[in-house]
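# Notes for the structure review
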Amino acid sequence: VNPEDERYTHLIGKRALVPMSDSDGGKMRSIPIITDDYVDMEFGTGALKITPGHDPNDYEIGKNHSLEIMNVMNKDATMNSNAGARY
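Residues numbered from 1 in each chain as written. Predicted model: local features only at pLDDT ≥ 70, side-chain atom pairs only at ≥ 80, totals over all residues. Heavy atoms only, no water.

### Side note on the side chain of Asp 36
By secondary structure assignment, the location of Asp 36 is in the loop between strand E2 (30–32) and helix H1 (56–64). At 12 Å, Lys 63 is the nearest oppositely charged side chain to Asp 36, a buried residue that forms no salt bridge. (Helix = DSSP H or I, 4+ residues; strand = E, 2+ residues; numbered from the N terminus. Buried < 20%, exposed > 50% of the residue type's maximum accessible area, 1.4 Å probe, protein only. Lys, Arg positive; Asp, Glu negative; His and termini not counted. Salt bridge = Lys/Arg side-chain N within 4 Å of Asp/Glu carboxyl O.)

Next up, the structure:
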């Protein structure tokens, strides 16, 4: 979330669950709720899920906040165990 966005101040520093991360019936993975000026308060909900291994902008934000980079694909483009059993 944007650090200036008062709607989310109560969530900063907490964690959010990633809904698709329990595809194998296991426990859902959680991710930290962080602030970054990159997030546009006027776009959509004003909250943005950062996926550091997904695109260059997310990678830079992830690097700045020491976020985990999770690889979910094998070299042959099939999904690995990090993607969950469903995938």
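### Quick look at unusual backbone geometry
Here the phi dihedral of Ser 66 falls at roughly 55°; this positive angle occurs in a residue that is not glycine. Take Ser 66: it is sitting in the segment after H1. Positive phi is not limited to glycine here, since Ala 77 has a value of about 75°. Of note, Ala 77 is situated in the segment after H1.

### Some thoughts on the pattern of salt bridges
Summed over the entire model, instances satisfying the criterion amount to two salt bridges. For Arg 7, the salt bridge identified is with Asp 5, shortest N-O distance 2.6 Å. Among the residues examined, Arg 7 registers a relative accessible area of 46% and is labelled partly exposed. Residues Glu 60 and Lys 63 are paired through a salt bridge, measuring 3.6 Å at the closest nitrogen-oxygen approach. Of the two residues, Glu 60 and Lys 63 both sit in helix H1, three residues apart, roughly one turn of that helix.

### Quick word on the environment of Leu 67
If you trace the backbone, Leu 67 turns up in the segment after H1. As for Leu 67 and Ile 34, which are separated by 33 residues in sequence, their C-alpha atoms are 9.8 Å apart.

### Some points on a nonpolar patch on the surface
Residues Met 20, Met 73, Met 79 and Tyr 87 make up a contiguous nonpolar surface patch of roughly 390 Å² in combined accessible area. Relative to the helices and strands, Met 79 resides in the segment after H1. Exposure remark for Met 79: the relative accessible area of 37% places this residue in the partly exposed category. (Patch = residues over 30% accessible without salt bridge, like charges linked within 9 Å, V, L, I, M, F, W, Y side chains within 5 Å. Areas by Shrake-Rupley, 256 points an atom, 1.4 Å probe, with all protein chains shown as cover.)

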